[in-house]
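Results of the structural survey
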Amino acid sequence: MATESNPALASLPSNVREIIELASLRDGGIPFRAKIAHVHRTWAGTFTSLPELYIQPESVPEVQKVVRLARHARRRVTTTGCGHSPSDITCTSSWLVNLDNFNKIISVDHLTGLVTVQAGIRLYQLSDELDRRGLALPSLGSINEQSIAGAISTGTHGSSIKHGLVGENITELKITLANGETLSCSSEDKPDLFRAALISLGALGIITEVTFKAVPAFSLAWSQAIDSDKRIFERWEKDLWRQAEFVRIWWFPYMRRAAVWTADVVDPVDLKTGAVKHREPPTSYYDSWLGYYVYHNLLALSRWIPRITPWIEWFVFGMQYGFKNGEATRITAVQPSQKAFLLNCLYSQSVNEWAIPLHKGPEALQRLGAWLQNLKPGDEGYVEHGIPYSAEGLWVHSPVEVRASNSTVYTSREANTRPFLDPTQSDGPTLYLNAIMYRPYHREPTYNATERYYLGFEWLMRELGGKPHWAKTFTATQADLARWYGEDFQRWGTVRESVDPEGMFVGPWHRRYLLEPIQSDKLLPLEEIQQTTKEVPARQGGGIQVVGIQNPVVPN
């Protein structure tokens, strides 16, 4: 697109502008849909960045053009969807690509259930389009704002020991690489690229098409009740996770209670005959206008008076779920699956989620609870937590989200369907523990509460053999991750080097966790490195602004 038709590009460096203008004369009129002055912000407002260009291609040739121009202009390329990850993985001062306008259904085969879509389609759009065709995704996480490419690339999961990652039903991917070529890959065709791209973390290229196996549309009859965590621990190995196809738990460490949500698929015949009818649950406390703002302002107050945090947990979640345990707290509903899976995330938040073996769940929660409550020998619920950090004066938010998955049902290394960077257990069910700290009105909790909480939480997760969720906040090092993933980590790195040797898709986040520690003589030619960070005032959205700089290495 010439400067005359897009005056905003006139502010670019002259060499970059000339490359774009020259390409526009040679490529047969393929659009370059770019703009400047875009502020990129994560959903939670935890990080922001100011990319040099914000680009929204609408076709594969347009994606390929972006990559070719970036290579000639010596620019890094980052891809983002809704920015739901609270980390800085999508932050860049270079070129940011968004595929929101590349979001169509390409094909649907009702006989096989195979569906091919453009990679920018959001999960809520995909769910609606599938539903209109009598189809559905087999499992979803708690939100549906992500693009399908983003959900795949970070290892999104639901909560069922009969299902694994959301990406487990993918049969084929197309990805545009740093050389501008778009390749197809599957478990049979370029299997190493396929396994690397299933959790690519944006470091291999731009995923453009996704083919997956859908299932007939279904509805869920779900039920939710409150119980003591003691009873939940007693049922853990017996039937807690097997009582329904989908099970998820919200644990409240100060009250030592938990909300247990279970859901099973409704027989479609019962829906057709009217034996079972769709019905919505009662409006919850914090889904109401009053409850939402009461809770938000109590969280804001707790920044200055942290000791009221356990009282907030008791009051808000008592109003939300009930003040007693058992059947008196039970609510039920019957909803289409794409609606039943969803959860209201409420406010800006930091999240730190780890995957550990499912059978270690009671130990993890009991030790975490004993640490957070500073329990002493003789106190009810006391266990030796072993966490070598003090929780004195530390008050944390609730709940801890407790979910399970099982990647051994549909995927395996042998079948070339398990991602190299899959954090779940390869020999059985996995438990995900998600520690949430809210940021009321985009302000961090005071007294370094989040940092102190996550320090102890991560120590415990490491001791229990855990791995961090790629999309969340964590402090593991490249050496840690290389040790935990072993040969799979090396194989992922080998694929990355082969498809992007100059580091067009590599930024500070990838260097921090996936590549060797930064050394000036080993930087990749197109790699972006972090130059500075600065705090953004809460009145401007809060969080940390990340400023990067393109590696000045000039190729021979």
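Residues numbered from 1 in each chain as written. Predicted model: local features only at pLDDT ≥ 70, side-chain atom pairs only at ≥ 80, totals over all residues. Heavy atoms only, no water.

**Side note on the overall build of the chain**
Applicable threshold: Strands here mean DSSP runs of E at least two residues long; helices mean DSSP runs of H or I at least four residues long; both are numbered from the N terminus. Note that the radius of gyration is over C-alpha atoms, with the globule rule given as 2.2 Å times the number of residues to the power 0.38. We call a residue buried when its accessible area falls under 20% of the maximum for its residue type, exposed when it is over 50%, and partly exposed in between, using a 1.4 Å probe and counting protein chains only. The contact definition used throughout considers only heavy atoms, calling two residues in contact when any of these lie within 4.5 Å. Note on areas: these come from Shrake-Rupley sampling with a 1.4 Å probe, and a residue is covered only by the protein chains present in the view.
The secondary structure content of the chain amounts to 15 helices and 23 strands. Here the chain has a C-alpha radius of gyration of 24 Å; the compact-globule value for 556 residues is 24 Å, and the two agree. C-alpha atoms of the chain, sized along the principal axes, occupy 75 × 60 × 45 Å. Burial status across the chain gives 58% buried among its 556 residues. Long-range contacts, defined here as pairs at least 24 residues apart, represent 70% of the contacts in the chain between residues at least 6 apart. Accessible surface, the chain: about 22,900 Å² in total, of which carbon and sulfur atoms supply 53%.

**Focus on the layout of surface pockets**
For the record, the criterion: Here the term cavity refers to a set of points on a 1 Å grid, laid over the protein atoms alone, in which a 1.4 Å probe fits but cannot get out; the term pocket refers to an open set having protein on both sides within 12 Å along at least five of seven lines, with lining residues being those that place an atom within 4 Å of a point. Grid points are joined across faces, edges and corners, and a volume is the space filled by probe spheres set on the points. In this classification, the charged set is Asp, Glu, Lys and Arg, the nonpolar set is Ala, Val, Leu, Ile, Met, Phe, Trp, Tyr, Cys and Pro, and all remaining amino acids, among them Gly, are polar.
In this structure, the largest pocket occupies an estimated 900 Å³ of space. In terms of lining, the largest pocket is formed by 36 residues, of which the most central are Phe47, Ser350, Glu444, Glu451 and Ile544. Elements supplying a minimum of two residues to the lining of the largest pocket: β18 (349-357), α12 (449-463) and α15 (508-513). Per-element tally for the lining of the largest pocket: the top contributor is α12, with five residues. Residue composition of the lining of the largest pocket, grouped by class: 14 nonpolar, twelve polar and ten charged. Roughly 680 Å³ of internal volume is contained in the second largest pocket. Every residue lining the second largest pocket is counted, 31 residues in all, and those nearest its centre are Ser284, Asp287, Leu342, Leu343 and Asn344. Secondary structure elements with two or more residues in the lining of the second largest pocket: β14 (219-228), β15 (246-252), α9 (309-321), β17 (326-336) and α10 (337-340). Ranked by residues supplied to the lining of the second largest pocket, first place goes to β17 with three residues. Of the residues contributing to the lining of the second largest pocket, the split by class is 16 nonpolar, ten polar and five charged.

**What about the pairing of β18?**
Rule in force here: Note on pairing: DSSP must find at least two bridges between two strands before they are called paired.
Among the nine residues that make up β18, nine are buried, leaving the element largely enclosed by the rest of the structure. Pairing between β18 and strand β20 (residues 430-438): nine bridges, direction antiparallel. In the sheet register, Trp354 faces β20, and the bridge partner there is Leu433. With two bridges joining them, β18 and strand β21 (residues 467-468) adopt antiparallel strand pairing. Within β21, the residue paired with Ala355 across the bridge is Lys467.

**Re helix α14 (residues 487-499)**
Keep this limit in mind: A helix is expected to span 1.5 Å for every residue after the first. Directions from the helix axis toward the C-beta atoms define the arc.
Here α14 is 13 residues long and its end C-alpha atoms lie 19 Å apart, about the 18 Å a rise of 1.5 Å per residue gives. By the burial criterion, the buried members of α14 are Asp488, Phe489, Trp492, Gly493, Val495, Arg496 and Val499. Down the axis of α14, the sector holding all buried residues measures 160 degrees, keeping them to one side. Facing away from the buried surface of α14 by more than 90 degrees, the exposed residues are Glu487, Gln490, Thr494, Glu497 and Ser498. Turning to α14, the residues buried within the fold contact α5 (191-198), α13 (478-485) and α15.

**A closer look at the side chain of Glu401**
The cut-off we apply is this: Two N or O atoms count as a polar contact when they lie within 3.5 Å, although within protein this holds only if one can serve as hydrogen donor and the other as acceptor, and sequence-adjacent residues are included solely when both atoms are side-chain atoms.
Inspection of the secondary structure assignment puts Glu401 in strand β19 (residues 400-405). For Glu401, a relative accessible area of 7% corresponds to the buried category. Polar side-chain contacts of Glu401 include one of 3.3 Å to the side chain of Ser142. Non-local contacts of Glu401, meaning those with residues more than four positions away in its chain, are made with Ser142, Ile249, Trp250, Leu343, Tyr432, Leu433 and Asn434.

**Notes on the UniProt feature "domain: FAD-binding PCMH-type" (unreviewed entry) in the chain**
Here is the rule we go by: UniProt positions are given in the numbering used here, feature names are shortened, and annotations may be inferred rather than shown by experiment.
Per the UniProt record, the feature "domain: FAD-binding PCMH-type" (unreviewed entry) sits at residues 47-217. The straight-line gap between the two end C-alpha atoms of residues 47-217 is 37 Å; of that span, 22% is helix and 27% is strand.

**A few points about the state of the cysteines**
Quick reminder of the rule: Cysteine sulfurs are considered disulfide-paired once they come within 2.5 Å of each other.
Tallied over the full model, the rule gives zero disulfides. The thiol of Cys91 is not disulfide-bonded; the next cysteine sulfur, from Cys82, is found 13 Å away. No disulfide involves Cys345; its sulfur sits 10 Å from the nearest other cysteine sulfur, which is in Cys82. Of the residues examined, Cys345 reaches a relative accessible area of 19% and is grouped as buried.

**Some points on the pattern of salt bridges**
To keep things clear, this is the line we draw: Salt bridge, as applied in this entry: a Lys or Arg side-chain nitrogen positioned within 4 Å of an Asp or Glu carboxyl oxygen.
Summed over the entire model, instances satisfying the criterion amount to 33 salt bridges. When the shortest N-O distance is used, the salt bridge between Arg33 and Glu62 registers 2.8 Å. Of this pair, Arg33 sits in the loop between α1 (14-26) and β1 (34-35) while Glu62 sits in helix α2 (residues 60-73); the two residues are 29 residues apart in sequence, bridging distant segments of the chain. The class for Arg33 is partly exposed, based on a relative accessible area of 31%. Classification of Glu62 by relative accessible area gives buried; the value is 5%. Here Glu129 makes a salt bridge to Arg133, at a shortest N to O gap of 2.8 Å. A relative accessible area of 32% places Arg133 in the partly exposed class. Linked by salt bridges that have partners in common, Glu353, Glu401, Arg403 and Lys472 make up one network.

**As for the side chain of Thr424**
On the secondary structure map, Thr424 appears in the loop between β19 and β20. Here the side chain of Thr424 touches Asp422 through a polar contact of 2.7 Å, side chain to side chain. For Thr424, the residues in contact, after removing those within four places along its chain, are Leu165, Ser405, Ser407, Arg418, Thr430 and Tyr432.

**Some words on the sheet that holds strand β11 (residues 182-186)**
Quick note on the threshold: Each axis is a line fitted through C-alpha atoms, and for a helix only the stretch in contact is used; angles between axes span 0 to 180 degrees, taken between their N-to-C directions.
A sheet is described by the order of its strands in space; here five strands give the open sequence β7-β8-β12-β10-β11, paired in antiparallel fashion. Single-partner strands in this sheet number two, and they are β7 (105-108) and β11. Recorded for the sheet is a direction-independent mean angle of 15 degrees between the axes of neighbouring strands. Relative to strand β12 (residues 206-213), strand β10 (residues 170-176) is paired through six bridges, and the arrangement is antiparallel. Its bridge partner lying in β12, Lys174 is registered against Glu209. In the packing of α5 onto the sheet, contacts are made with β10, β11 and β12, and the angle to β10 comes to roughly 90 degrees.

**Quick word on the sheet that holds strand β3 (residues 47-49)**
Spatially, the four strands line up as an open sheet ordered β2-β3-β23-β22, and their pairing is mixed. Of all the strands in the sheet, just β2 (40-41) and β22 (528-535) have a single pairing partner and so form its edges. In this sheet, β3 lies alongside β2 in antiparallel orientation, the contact comprising two bridges. Within the sheet, the bridge partner assigned to His40 lies in β3 and is Ser49.

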